[in-house]
Amino acid sequence: MDVELFDFDLPEERIALRPVSPRDAARMLVVRPDSAEPFEDRGVRELASLLQPGDALVLNDTRVIPSRLYGRRVRGEASARVEIMLHKREASDRWLAFARPAKKLALGETVVFGSDAASNACELGALHAEVVGKGEGGEVELRFAWSGPVLDEAIARLGELPLPPYIAGKRPTDQADAHDYQTVHARMDGAVAAPTAGLHFTPELFAALDAHGVSRHFVTLHVGAGTFLPVKAEDTREHRMHAEWGSVSTETAAALNQVKARGGRIVAVGTTALRLLESATGENGVVAPFSGDTAIFITPGYRFRAVDILMTNFHLPRSTLFMLVSAFCGLDLMKQAYAHAIAEKYRFYSYGDGSLLFRAEPTTPRHA
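Criteria and thresholds
- Residues numbered from 1 in each chain as written.
- Predicted model: local features only at pLDDT ≥ 70, side-chain atom pairs only at ≥ 80, totals over all residues.
- Heavy atoms only, no water.
- Helix = DSSP H or I, 4+ residues; strand = E, 2+ residues; numbered from the N terminus.
- Rg over C-alpha atoms; globule rule 2.2 N^0.38 Å.
- Buried < 20%, exposed > 50% of the residue type's maximum accessible area, 1.4 Å probe, protein only.
- Contact = heavy atoms within 4.5 Å.
- Areas by Shrake-Rupley, 256 points an atom, 1.4 Å probe, with all protein chains shown as cover.
- Pairing = 2+ DSSP bridges.
- Axes fitted to C-alpha atoms, helices over the stretch in contact; angles between N-to-C directions.
- Left-handed = near helix turned anticlockwise from the far one by under 90°.
- Nonpolar A, V, L, I, M, F, W, Y, C, P; charged D, E, K, R; others polar.
- Polar contact = N/O pair within 3.5 Å; in protein donor to acceptor, adjacent residues only side chain to side chain.
- Expected span 1.5 Å × (residues − 1).
- Core = buried A, V, L, I, M, F, W, Y, C linked by side-chain atoms within 4.5 Å.
- 1 Å grid on protein atoms, 1.4 Å probe; cavity = no way out; pocket = protein on both sides within 12 Å on 5 of 7 lines; lining within 4 Å.
- Points joined across faces, edges and corners; volume = space filled by probe spheres on them.
- pLDDT = per-residue confidence, 0-100.

(A) Spatial organisation of the overall build of the protein chain. Counting its secondary structure elements, the protein chain contains nine helices and 17 strands. Computed over its C-alpha atoms, the radius of gyration of the protein chain comes to 21 Å, within 12% of the 21 Å expected for a compact globule of 368 residues. Once the C-alpha set of the protein chain is aligned to its principal axes, its extents read approximately 70 × 45 × 40 Å. Burial status across the protein chain gives 54% buried among its 368 residues. Contacts in the protein chain between residues far apart in sequence, at least 24 positions, make up 73% of those at least 6 positions apart. For the protein chain, the accessible surface area stands at approximately 15,900 Å², while carbon and sulfur atoms represent 52% of it.

(B) Spotlight on the sheet that holds strand β14 (residues 266-269). An order of β2-β1-β17-β16-β14-β3-β12-β13-β15 is seen for the nine strands of this open sheet, with the pairing classed as mixed. The open sheet terminates on both sides in strands that have one partner only, identified here as β2 (39-43) and β15 (290-294). Put simply, the sheet's adjacent strands are angled 25° from each other on average, direction ignored. Relative to strand β17 (residues 354-358), strand β16 (residues 309-313) is paired through five bridges, and the arrangement is antiparallel. Directly across from Leu310, in β17, lies its bridge partner Leu357. This element, helix α6 (residues 250-261), spans β3 (56-60), β12 (215-221), β13 (244-248) and β14 of the sheet and lies at about 135° to β12.

(C) Local environment of the packing of helix α8 (residues 320-329) against helix α9 (residues 331-343). It is at 7 Å that the axes of α8 and α9 come closest, and there the two elements cross at 115°. In the packing of α8 onto α9, the handedness of the crossing is right-handed. On the side of α8, the interface is formed by Phe322, Val325, Ser326 and Cys329, while α9 contributes Leu331, Leu333, Met334, Lys335 and Tyr338. By residue class, the composition of the contact of α8 with α9 is seven nonpolar, one polar and one charged.

(D) Expanded view of the side chain of Arg305. You can see Arg305 is positioned in the loop between β15 and β16. At 2.6 Å, the side chain of Arg305 and the backbone oxygen of Thr281 are in polar contact. A polar contact of 3.1 Å, which involves the side chain of Arg305, links it to the side chain of Glu283.

(E) Highlighting the pairing of β13. Here β13 shows one buried face, formed by Glu244, Gly246 and Val248, and one open face, formed by Trp245 and Ser247. As defined by bridge partners, β12 adjoins β13 across two bridges and the pair is classed as antiparallel. Looking across to β13, one finds that Leu221 is bridged to Gly246. Here five bridges tie β13 to β15, and the two strands are oriented antiparallel to one another. Each residue of the ladder has a partner; that of Ser247, found in β15, is Ser291.

(F) α9, seen in detail. For α9, built from 13 residues, the straight-helix expectation of 18 Å at 1.5 Å per residue is met to within 8% by its first-to-last C-alpha distance of 18 Å. Leu331, Leu333, Met334, Ala337, Tyr338, Ala341 and Ile342 are the residues of α9 that are buried. For α9, the secondary structure elements touched by its buried residues are β1 (27-31), β2, β16, α8 and β17.

(G) Structural detail: the nonpolar core. Core analysis: the biggest nonpolar cluster contains 66 residues, and Tyr181, Leu274, Tyr338 and Phe348 have the highest contact counts within it. Among residues more than four places away in sequence, those in contact with Tyr338 are Phe8, Asn313, Phe314, His315, Phe322, Val325 and Phe348. Counting residues in hydrophobic clusters, the runner-up holds 25 residues, among them Ala97, Phe98, Leu151 and Ile155.

(H) A look at the side chain of Thr62. Summarising the element assignment, Thr62 is placed in strand β4 (residues 62-64). Polar side-chain contacts of Thr62 include one of 3.5 Å to the backbone nitrogen of Ala191. Among residues more than four places away in sequence, those in contact with Thr62 are Thr183, Ala186, Met188, Gly190, Ala191, Pro195, Thr220, Leu221, His222 and Val223.

(I) Spatial organisation of the layout of surface pockets. Space inside the second largest pocket adds up to approximately 320 Å³. Lining the second largest pocket are 17 residues, and of these Ile65, Arg89, Trp95, Asp189 and Gly190 sit closest to its centre. For the lining of the second largest pocket, the secondary structure elements donating two or more residues are β6 (78-91), α2 (148-158), β11 (188-191) and β13.

(J) Expanded view of helix α7 (residues 271-280). Buried residues dominate α7, accounting for nine of its ten residues. For α7, the set of buried residues is Thr271, Thr272, Ala273, Leu274, Arg275, Leu276, Leu277, Glu278 and Ala280.

(K) Geometry of the confidence of the model for the protein chain. Summarising the model, the protein chain shows a mean pLDDT of 92, and 94% of its residues fall at 70 or more. Low pLDDT, under 50, characterises residues 117-122; the stretch is placed with ten contacts to residues that sit more than four places away or in other chains. Confidence drops under a pLDDT of 50 for residues 364-368, and excluding neighbours within four residues, the segment shows 14 contacts in the predicted structure.

See below:
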């Protein structure tokens, strides 16, 4: 499909730079494709009343790590500044990352983090990495001198929380973001971006869902920095998704299959949970245990196997995530929904308001 089809105008003032407080005070646009009145302005706190007893909520429990690192590349006696955004762990001592500037980084070069000194001496406490691979779009592979938990501790000490560029370009990261840009249910370290639909949840909202008979299940998808990358191709078939690691446990898969067998609906909280569930579900609609990489790219025409309802924030024009929600509800309807949200002054993107999307009945054959 032509990527231009997924473009729309968004006023700059609609981009949220801070979340509302408390988290569940955010607004929520309900979209029902098969209804005569498809749009309904509600609030996140009303989520339980919009679901049915027996439905299953699926949330991503990944935890954001401080994955933006500032260092210097070392070549002989010369050194120069470099910014690194980790996005996918490849081994206990290796990460794929996006570098700026990437063109000047050469294979075999050393990057030193944690020191402002001009020399390339091995400063106490500094973290060293070697460039062992280069890819497209500024991607590099780094092999660190440390590995495992020791490397994790160093990254936590030296790194910065990676706010999305549409926020970071307008204000610096601060202490409030350490709390705001993490879900209350985060427990598995490894993401470099938050599963932002999950940011709306509070213990009080979970209690209301429990009381209403909506079960709660967790999967893990370590969101990569590729989620921020624009689609530069003119045709969706030419776009390459960056792989992300995810896991669906045997227990969770069995529980979700039981929910479906009883007539309950699967409610994915966020596009990350949806993409992982669709990756783990076969053509027969059975959710299987899953552990590994997924690079699933969902565009209109895709036939959904697992997810019936999607709770998600509002996404960027021409993004893979807007393509995904257009596949879920229909492109024309989602363009209308976003126009409605803009007119009604909803807050957009990671710190913005939410939407609750009910899946449209499929009318075209599935293709990925």
